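One-letter residues, chain by chain:
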Amino acid sequence: MLGKTLSGRYHIVQHLGGGGFGQTYLAEDLQLPSNPLCVVKQLKPKSTDSSTLQTAKRFFDREAEVLYKLGNHDQIPRLLAHFEQEQEFYLVQECIEGHDLKQELPRGKRLTEAQVIVLCQDILQILEFVHQQHVIHRDIKPANIIRRRQDGKLVLIDFGAVKEVTTGAINPSGNTSFSVAIGSPGYMPNEQLGGKPQFCSDIYAVGVLGIQALTGLSSSQLPQDLRTSEILWRDKWLHNMPPQQVQTSLELADVLDKMVRYDYRQRYQTVTEALQAFEQLTMVYCGSTTASISEVSFTESADPFEPTATYPRLPLVSDMPTDTMESKELTQALHSQQQPTSKTLGNLSDGQIADETITPLVSSRKKYRKLIAIGGGIVASVSLAFGIYHVYGYTMSLAESQWVQRISLSKTLPGDSNSFSPVAISPDGKTLASGSEDGTIKLWDLQTGKLRNTLKRPPSSDKRSKAVRAIAFSPDGKSLASGGEDNGIKVWNLDTKTLLHTLSEKSYWISALAISPDSQTLVGGNADGYITIGNLRTGELQNFFAGHSIIVNSLAISPDGQTAVSGSDDNTIKVWEIKTGQLIHTLTPPDSRRVFAVAISPDGKTIASGSEDGVVRLWNLGSGKLIQSLPVGSASINVVAYRVDGHTLVSGSRDGTIRLWDVRTRKVLRTMPGHSEPIYSLALSPDEQTLVSSSKDETIKIWRVP
Ligand SMILES: Nc1ncnc2c1ncn2[C@@H]1O[C@H](COP(=O)(O)OP(=O)(O)OP(=O)(O)O)[C@@H](O)[C@H]1O
């Protein structure tokens, strides 16, 4: 087969595998530019007599239709073609680059409970779609789930249905008799073995996979009760749990057990039911399903049922983890994010500015002449107005979920020819500022969208671009700082609308800005990687040093005003002590990708970063350790901002969409399309009722909670 060209188009370059059902090959598509890779599945009918072949052909066409429909799901390979050649049938599928879960879950490697929950949920979500198309997969196992390299998502491959073409499972009338069991030992429940697969047979396979991931045992090692035929695993496993953790473990064990019941009628009957059970678990686990599977190390042990075995796992709400560093950090982050601080809850009235503010942050990057900014994100707490309630110790707010659902596009302002216009909202929530190509700053009435004032720089004979690339309101509302391609940071008096002073005039152009919560200190990031620290009030330059080797794209200051965080095109995030300019940590996202956005959580403990690879990452600000990754897709994350609750993150991407995240569940709560070009700047009003986005499409959009 190697070297052969099928259907005049698919040039076979590699044998990938195969068995009784046929062979799988890697091929190049000669008819498309740059000959992209695809996967060709060759299916050989068992018998070649003409009536069987005819029936097989009909069946094959029908199954191809189903696969074609399934391929509409992002996590199922697209069917590119199907054809018959020399009495053999061929399916051509999209090639998914990545690695399969068999590699991720070799024997002896175990995931934490939280990771197992995420894994099962991810698979079940794909399966929900499959079942909606009235298809039973019939061969769910780690080898048939690929983690796609491009975005870290799971992709389900190898649908068992097509195998009927080759097994002779088709009776002469063209129907499937299911007399031959299709599936893989260890993952096939009894009824499937008997040729009568049900939808919940797939749920069984996901349950086995979950138990396997939790215990480190391969599916064939899982002991069975000889009397009841149930899989025996939980008692021994739970036996090794510290007593205070057993309650949580029981909940997960119950769900997995119900998925793998011997009698299919006792299992969850639908994927939706199983998903609901997992949803409940995420509450039990205090939102700790945020773990990123690929970034957590595993504990190896030959026999996880040995009493000495330690299980990396996350704790109950009330417990601190005792095992892996990752789970410690993850849990600390979750604990700190889920509980509003007493100050946030108790001391603030509407409109008052919290100490736990989202630091004003404005930034930009030169290479693509684009600007990334979160402007004036000073956030007053509205938690008092929101009814906070507890479910399984997990702090939830009804208002939080309403906010996510209700925020919608209210107005579109004409943008400036500065397609990377930075935006910021004043601390009183009344004024929207936007930076222009001509060096002016426009002040808009945020409510009506009317232009109120224009801050104009003094006339200059300098012919270089004056485009404003970063702006930030001071939290006291008295001044506004701006920086851009004409060098130096300008500080404007907002009462008189005049220029107060220019800091660091000789430095290379300014690409990012942030002001400390006490409105005293200004931090600027330069296009050549330098960092400027100055006194906002006096204009005095306090420090100027080479922070990065290339453009600083984004800056944030911690709520206590002590620490600055910068993200750069040099692929690093740096944490600085503002007073001394001393470097505390250098954080490097895996795969060395440019960092376009940084933000600090309202409790000052977590850094969120957005980078070129479309991944939002959360880091422990204190230790500099990576806590988790939230892959969004291939589009770069240009801007990130925290809501005051500390667990909703707003991101703006290159694909023009805004995404709202729950960092605890690692889930995108909502995707808000609206811009036709990349978003480079976001600003959240202090009462969080208004979100402003600015894009290369030369519009500024105002989103409101009605
Ligand atoms: N769409 C795809 N994209 C990338 N790799 C694929 C795709 N489909 C199959 N593969 C890979 O090709 C190899 C062979 O797959 P295939 O499922 O056809 O055979 P198998 O796993 O050897 O046998 P069986 O069908 O009995 O499970 C596997 O490594 C699988 O991961």
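Since the model is a prediction, treat every value here as computed from it, not as a measurement. (Residues numbered from 1 in each chain as written. Predicted model: local features only at pLDDT ≥ 70, side-chain atom pairs only at ≥ 80, totals over all residues. Heavy atoms only, no water.)

Trainee: Looking at this structure, how should I read the nonpolar core?
Mentor: Leu 119, Leu 124, Leu 256, Met 259 and Phe 278 are the most contacted members of the largest nonpolar core, which has 60 residues in total. Listed by contribution, the elements that provide at least two residues to this core are α1 (50-70), β6 (88-94), α3 (113-132), β9 (154-156), α6 (199-215), α7 (234-239), α8 (246-259) and α9 (271-284). In this structure, Leu 124 is in contact with Val 206, Met 259, Val 271, Ala 274, Leu 275 and Phe 278, ignoring residues within four places of it in sequence. Formed by 14 residues, the second largest nonpolar core is a distinct cluster that contains Val 404, Ile 407, Met 672 and Trp 703. (Core = buried A, V, L, I, M, F, W, Y, C linked by side-chain atoms within 4.5 Å. Buried < 20%, exposed > 50% of the residue type's maximum accessible area, 1.4 Å probe, protein only. Helix = DSSP H or I, 4+ residues; strand = E, 2+ residues; numbered from the N terminus. Contact = heavy atoms within 4.5 Å.)

Trainee: Quick question: what am I supposed to make of the UniProt feature "binding site: ATP" (unreviewed entry) in the chain here?
Mentor: In this numbering, the UniProt entry assigns the feature "binding site: ATP" (unreviewed entry) to Lys 41. Following the sequence through the fold, Lys 41 ends up in strand β4 (residues 37-43). Aside from chain neighbours lying at most four places away, what touches Lys 41 is Gln 23, Thr 24, Phe 89, Tyr 90, Leu 91 and Asp 158. (UniProt positions renumbered as here; feature names shortened; annotations may be inferred.)

Trainee: When you look at the sheet that holds strand β22 (residues 498-503) in this model, what are you seeing that I'm missing?
Mentor: Think of a sheet as strands paired side by side through backbone hydrogen bonds, with each pair either parallel or antiparallel. Here we have 4 strands laid out as an open sheet, ordered β19-β20-β21-β22, and antiparallel in their pairing. This sheet does not close on itself; its edge strands, each paired only once, are β19 (468-473) and β22. On average, each strand axis in the sheet is inclined to that of its neighbour by 25 degrees, with strand direction left out of account. Note: strand β20 (residues 479-484) against strand β21 (residues 489-493), 5 bridges, orientation antiparallel. Within β21, the residue paired with Gly 483 across the bridge is Ile 489. (Pairing = 2+ DSSP bridges. Axes fitted to C-alpha atoms, helices over the stretch in contact; angles between N-to-C directions.)

Trainee: Just checking my understanding: could you explain the packing of aromatic side chains for this structure?
Mentor: One pair of aromatic rings is described through two measures. These are the centre distance and the angle between the planes. All chains considered together, the criterion is met by 4 aromatic pairs. Between Tyr 10 and Phe 83 the ring centres are 6.1 Å apart and the planes differ by 5 degrees, which places this aromatic pair in the stacked class. With a gap of 73 residues between them, Tyr 10 in strand β2 (residues 10-19) and Phe 83 in strand β5 (residues 79-85) connect regions that are remote in the sequence. There is no split in this pair, since Tyr 10 and Phe 83 are both buried. Grouped by ring-pair contacts, the aromatic residues Tyr 10, Phe 83 and Tyr 90 constitute a single cluster. When the ring centre of Trp 403 is taken as reference, the NZ or CZ atom of Arg 643 above it lies at 3.8 Å. (Phe/Tyr/Trp six-rings, centres within 6.5 Å; stacked < 30°, edge-to-face > 60°. Lys NZ or Arg CZ within 6 Å of the ring centre and 35° of its normal.)

Trainee: Help me out: how do you make sense of the site of the ligand in this one?
Mentor: Around the ligand lies a shell of 16 residues, among which Thr 24, Lys 41, Glu 94, Ile 96 and Asp 158 are the nearest. The contact in question runs from a nitrogen atom of the ligand to an N or O atom on the backbone of Ile 96, over 2.9 Å. With respect to the ligand, the side chain of Asp 158 contributes an N or O atom lying 3.0 Å from an oxygen atom. Across the complex, the protein chains shield 78% of the 610 Å² of accessible surface that the ligand would expose by itself. Broken down by secondary-structure element, the contributors of at least two residues to the shell around the ligand are β2, β4 and β6. Broken down by element, the shell around the ligand gets its largest block of residues, 3 residues, from β2. (Near = heavy atom within 4 Å. Polar contact = N/O pair within 3.5 Å; in protein donor to acceptor, adjacent residues only side chain to side chain. Areas by Shrake-Rupley, 256 points an atom, 1.4 Å probe, with all protein chains shown as cover.)

Trainee: Just to check I follow, could you spell out the sheet that holds strand β8 (residues 145-148) for this structure?
Mentor: Strands sit in the order β7-β8-β9 across an open sheet of 3 strands; the sheet is antiparallel. On the outer flanks of this sheet lie β7 (98-100) and β9, each paired with one strand and no other. Pairs of neighbouring strands in the sheet enclose a mean axial angle of 30 degrees, with direction left out of account. Bridge analysis of β7 against β8 gives 3 bridges, and the strand direction is antiparallel. Bridging across to β8, His 99 finds its partner in Arg 147. Strand contacts of α3: β8 and β9, with the helix running at about 40 degrees to β9, the strand carrying the most contacts.

Trainee: Before we go on, may I ask you to explain the pairing of strand β36 (residues 648-653) in this structure?
Mentor: In the case of a regular strand, side chains alternate between the two sheet surfaces. β36 sits mainly inside the fold: 6 of its 6 residues count as buried. Along β36, one buried face is formed by Thr 648, Val 650 and Gly 652 and the opposite face, lined by Leu 649, Ser 651 and Ser 653, is buried too. Judged from the 5 bridges that link them, strand β35 (residues 637-642) and β36 form a sheet pairing that is antiparallel. From the neighbouring strand, Ile 637 faces β36, where its bridge partner is Ser 653. Two successive antiparallel strands, β35 and β36, enclose a turn made up of 5 residues, where Gly 646 displays a positive phi of approximately 80 degrees.

Trainee: How should I be thinking about unusual backbone geometry in this particular structure?
Mentor: With the exception of glycine, most residues fall at negative phi, and the peptide bonds are largely trans. One non-glycine residue, His 134, lies in the positive phi region at around 65 degrees. Of note, Ser 229 is a non-glycine position whose phi angle comes to about 65 degrees, a positive value. The residue Ser 229 is located in the loop between α6 and α7 in this model.

Trainee: What is the right way to look at the packing of α3 against α6 in this model?
Mentor: In a packed pair of helices, the relevant descriptors are the angle between the two axes and the axis-to-axis distance. Between α3 and α6, the shortest axis-to-axis distance is 10 Å and the interhelical angle comes to 160 degrees. What the angle tells us is that α3 and α6 run roughly antiparallel. The two elements α3 and α6 cross, and the hand of that crossing is right-handed. Contact with α3, carried on its side by Glu 113, Val 116, Leu 119, Cys 120, Ile 123, Leu 124, Leu 127 and His 131, involves Phe 199, Asp 202, Ile 203, Val 206, Leu 209, Gly 210, Ala 213 and Leu 214 of α6 and no other residues of that element. Here the contact of α3 with α6 is built from residues that sort into 12 nonpolar, 2 polar and 2 charged. (Parallel < 35°, antiparallel > 145°, perpendicular 65-115°, else oblique. Left-handed = near helix turned anticlockwise from the far one by under 90°. Nonpolar A, V, L, I, M, F, W, Y, C, P; charged D, E, K, R; others polar.)

Trainee: What's the story with the side chain of Gln 212 in this structure? I'm lost.
Mentor: Along the chain, the position of Gln 212 falls in helix α6. Exposure remark for Gln 212: the relative accessible area of 8% places this residue in the buried category. A polar contact is formed between the side chain of Gln 212 and the side chain of Tyr 187, at a distance of 2.5 Å. Leaving out residues up to four positions away in the same chain, Gln 212 has contacts with Leu 105, Lys 109, Pro 142, Tyr 187, Leu 217, Ser 218 and Ser 219.

Trainee: Explain α6 here, please?
Mentor: Compared with an ideal rise of 1.5 Å per residue, which puts 17 residues at 24 Å, α6 spans 25 Å between its outermost C-alpha atoms and is within 8% of the ideal. Of all 17 residues that make up α6, 16 are buried, and the element is covered over most of its length. Directly after α6, the chain includes Gly 216, whose backbone phi takes a positive value near 80 degrees. (Expected span 1.5 Å × (residues − 1).)

Trainee: How should the state of the cysteines be read in this particular structure?
Mentor: Here a disulfide denotes a covalent bond joining the sulfur atom of one cysteine to the sulfur atom of another. A full pass over the atoms with the stated rule returns 0 disulfides. Free of any disulfide, Cys 38 has its nearest cysteine sulfur in Cys 95, 7.8 Å distant. Classification of Cys 38 as buried rests on a relative accessible area of 1%. (Disulfide = S-S within 2.5 Å.)

Trainee: Would you take a moment to explain the pattern of salt bridges for this structure?
Mentor: Counting across every chain of the model gives 24 salt bridges. A salt bridge links Asp 569 to Arg 594, with the nearest nitrogen and oxygen atoms 3.7 Å apart. Of the two residues, Asp 569 sits in the loop between β28 (563-568) and β29 (573-577) while Arg 594 sits in the loop between β30 (583-587) and β31 (595-600), which places them 25 residues apart along the sequence. Through salt bridges with shared partners, a single network forms among Asp 74, Arg 148, Asp 151 and Lys 153. (Salt bridge = Lys/Arg side-chain N within 4 Å of Asp/Glu carboxyl O.)

Trainee: Can you walk me through the pairing of strand β39 (residues 679-684) in this structure?
Mentor: Where burial is concerned, most of β39 is hidden: 6 out of the 6 residues are buried. The turn joining β39 and strand β40 (residues 690-695), which pair antiparallel and follow one another in sequence, is formed by 5 residues; a positive phi near 60 degrees is taken by Glu 688.

Trainee: Where do I start with the environment of Gln 582 in this structure?
Mentor: Position of Gln 582 among the secondary structure elements: in the loop between β29 and β30. Considering only alpha carbons, one finds Gln 582 and Phe 545, 37 residues apart in sequence, at a separation of 9.9 Å. If near-sequence neighbours (up to four positions away) are discounted, Gln 582 is found in contact with Val 575, Trp 576 and Glu 577.

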